[in-house]
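Structural overview
Below are the chains, spelled out letter by letter.
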Amino acid sequence: MSFIGFVVGFCYIKAVEKKSHYRVVILGSGAAGLTAAIYAARANLEPLVIEGSQPGGQLTITTDVENYPGFPKGILGPELMEEFKRQAERFGTKTVFGDVTGVNLKQRPFQITAGKESYTCNALIIATGASAKLLGLESEKKLMGYGVSACATCDGFFFKEKEVVVVGGGDTAMEEALFLTKYATKVSVVHRRSELRASKIMQDRAKKNPRISFIWDSVLDDIYGNPKDGGVKGVRLKNLRSGASQDFKCDGIFIAIGHEPNTKLFAGQLEVDEFGYLKTHNGTSTNVPGVFACGDVQNRIYRQAITAARSGCMAAIDAEKFLESLEE
Ligand code: NDP
């Protein structure tokens with residue numbers, strides 16, 4: 001290769017590497033974001049996915065996924081998300097690892113900052129998800145997916161004929177506890193106060209269920225078990241009134257102390273509902289034309305991979321229509 005050829009080639013590679021404007025940028029790489037990417041890429045929109053701090057999203061903290069259609073034998077959560085990603089990349093999606101640190105939706109094209117990198121786009125799809133609030137114990141982190149879960153619908157099935165603990169006193173905790181009674185023989189709800197926060201109807205249902213019992217005024221101090229040796233074996237409970245600690249045997253722990261939508265980045269720019277989730281109308285449109293939201297960041301009810309994928313698909317179609325209208 002001649003020197004000039006080398007320089008031209010080098011500059012071309014640099015220019016390609018430095019591409020910073022995209023027609024569509026997708027924030028988040030869970031089921032919603034990557035489904036949006038598959039659809040946007042197949043529409044030749046060459047989307048960019050900024051993966052976020054947990055590439056693959058919430059499914060990467062679960063083990064077996066047995067309710068995603070198309071996998072009759074089940075699939076591991078991280079593997080499923082890897083397949084989503086491969087499928088998105090096959091059609092020309094570019095993915096970059098990184099966490100978005102700022103967005104400016106007040107000017108067009110929209111501006112996105114991810115650390116030292118900045119990007120612009122004509123349409124933005126937000127799929128930043130929601131994070132289950134966790135207790136913050138080291139053992140909880142270690143045993144996540146090995147008996148510790150934040151989703152009974154996802155993981156309850158694995159606790160057939162077992163004994164489980166649910167942490168929390170709100171509607172989610174009651175719902176999770178009731179759901180778990182389909183599988184577990186005993187569900188112990190551990191709540192930090194002596195009064196539930198859950199709605200009366202949910203409280204009544206839970207209290208009437210013979211498989212559910214309550215451990216009041218208590219918190220989890222530690223979780224026992226080893227991921228390589230069957231996972232969770234029990235917990236250490238601390239009674240907040242007496243200060244006394246006791247060991248309690250169980251096979252699984254469901255943390256149900258609420259979820260937090262990942263919307264901080266958009267504060268003051270996008271409308272949120274009373275729980276902080278992004279508000280959408282006409283499918284996945286937000287209050288800013290050209291900005292779409294899908295997955296758990298705009299839906300606090302269903303929180304399933306399949307429902308996230310559904311809205312990711314919708315967001316890509318909505319974004320495509322928006323871009324067409326711009327071009328017209
Ligand atoms: P909530 O915030 O209502 O409840 C969280 C629960 O977890 C509270 O009981 C709280 O205790 C406890 N908690 C919080 N942090 C900790 C901690 N660090 N350690 C121990 N316990 C903790 O969240 P939910 O997810 O239950 O509900 C969110 C919203 O969604 C609510 O408005 C609820 O009504 C709604 N929802 C409705 C459903 C339905 O109608 N079917 C189903 C699920 C949710 P404390 O009470 O002491 O603050």
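Below, the structure is looked at part by part.

Cut-offs used in this document
- Residues numbered from 1 in each chain as written.
- Predicted model: local features only at pLDDT ≥ 70, side-chain atom pairs only at ≥ 80, totals over all residues.
- Heavy atoms only, no water.
- Near = heavy atom within 4 Å.
- Polar contact = N/O pair within 3.5 Å; in protein donor to acceptor, adjacent residues only side chain to side chain.
- Areas by Shrake-Rupley, 256 points an atom, 1.4 Å probe, with all protein chains shown as cover.
- Nonpolar A, V, L, I, M, F, W, Y, C, P; charged D, E, K, R; others polar.
- Buried < 20%, exposed > 50% of the residue type's maximum accessible area, 1.4 Å probe, protein only.
- Helix = DSSP H or I, 4+ residues; strand = E, 2+ residues; numbered from the N terminus.
- Pairing = 2+ DSSP bridges.
- Axes fitted to C-alpha atoms, helices over the stretch in contact; angles between N-to-C directions.
- Parallel < 35°, antiparallel > 145°, perpendicular 65-115°, else oblique.
- Left-handed = near helix turned anticlockwise from the far one by under 90°.
- Contact = heavy atoms within 4.5 Å.
- 1 Å grid on protein atoms, 1.4 Å probe; cavity = no way out; pocket = protein on both sides within 12 Å on 5 of 7 lines; lining within 4 Å.
- Points joined across faces, edges and corners; volume = space filled by probe spheres on them.
- Disulfide = S-S within 2.5 Å.
- Phe/Tyr/Trp six-rings, centres within 6.5 Å; stacked < 30°, edge-to-face > 60°.
- Lys NZ or Arg CZ within 6 Å of the ring centre and 35° of its normal.

Okay, the site of the ligand next. Around the ligand there are 15 residues in total, and D171, T172, R193, R197 and R300 lie nearest to it. Between the ligand and R193 there is a distance of 2.8 Å, counted from an oxygen atom to a side-chain nitrogen or oxygen. Burial of the ligand by the surrounding chains reaches 70%, relative to a free accessible area of 910 Å². Along the lines of polarity and charge, the residues of the shell around the ligand split into three nonpolar, six polar and six charged.

Attention now goes to the pairing of strand β8 (residues 117-126). Extensive coverage of β8 is indicated by the burial of seven of its ten residues. Direction of pairing for strand β1 (residues 21-27) relative to β8: parallel, over a ladder of six bridges. In the strand pairing of β8, V24 is matched with A123. Following strand β7 (residues 110-114), the chain reverses through two residues before pairing antiparallel with β8; G115 in that reversal takes a positive phi of roughly 60 degrees. One ladder, built from three bridges, connects β8 with strand β19 (residues 291-293); its direction is parallel. Within β19, the position partnered with I126 by the bridge is A293.

Running from N to C, helix α2 (residues 31-42) and helix α3 (residues 77-90) point in directions that differ by 20 degrees, and their axes come no closer than 8 Å. Viewed along their axes, α2 and α3 adopt a mutual orientation that is roughly parallel. Once α2 is placed against α3, the crossing between them reads as left-handed. In contact with A31, L34, T35, A37, I38 and A41 of α2, α3 contributes M81, F84, K85, Q87 and A88.

Position of C154 among the secondary structure elements: in helix α5 (residues 152-155). Other than its neighbours up to four places away in sequence, C154 contacts D64 and N67.

Roughly 370 Å³ of volume is contained in the second largest pocket. Along its surface, the second largest pocket is lined by 19 residues, and Y146, G147, F159, G230 and D251 are the ones closest to its centre. For the lining of the second largest pocket, the element with the highest residue contribution is strand β15 (residues 231-239), accounting for three residues. Looking at the lining of the second largest pocket residue by residue, the class counts come to six nonpolar, six polar and seven charged.

Disulfides are covalent bonds that connect the sulfur atoms of two cysteines. Here the structure, examined in full by the defined rule, presents one disulfide. Shown here is the disulfide that connects C151 with C154, its sulfur atoms set 2.1 Å apart. Its S-S torsion of about 75 degrees marks the bond between C151 and C154 as right-handed, since a negative value means left-handed. Taking the relative accessible area as the measure of exposure, C154 reaches 25% and is therefore partly exposed. Of the cysteine sulfurs around C294, a residue in no disulfide, the closest is that of C313, at 9.9 Å.

So, about the sheet that holds strand β14 (residues 218-226). The three strands lie next to each other as β14-β15-β16, forming an open sheet whose pairing is antiparallel. Each having just a single partner strand, β14 and β16 (245-249) make up the two edges of the open sheet. Strand-to-strand, the axes of this sheet are offset by a mean angle of 25 degrees, without reference to chain direction. The pairing of β15 with β16 spans five bridges and is antiparallel. Following the sheet pairing, K238 is matched in β16 by S245.

Following the criterion strictly, the structure yields nine aromatic pairs and no others. On the numbers, 5.0 Å between centres and 5 degrees between planes, the contact of F214 with W216 is stacked. The buried category is assigned to F214, whose relative accessible area is 19%. You can call W216 partly exposed: its relative accessible area is 28%. An aromatic cluster is defined as three or more aromatic residues linked by ring pairs; in this entry it consists of F157, F158, F179 and Y183. Lying over the aromatic face of Y22, K19 brings its terminal NZ or CZ to 4.5 Å of the ring centre. The lysine or arginine in question, R42, covers the ring of F91, its NZ or CZ lying 5.2 Å from the ring centre.

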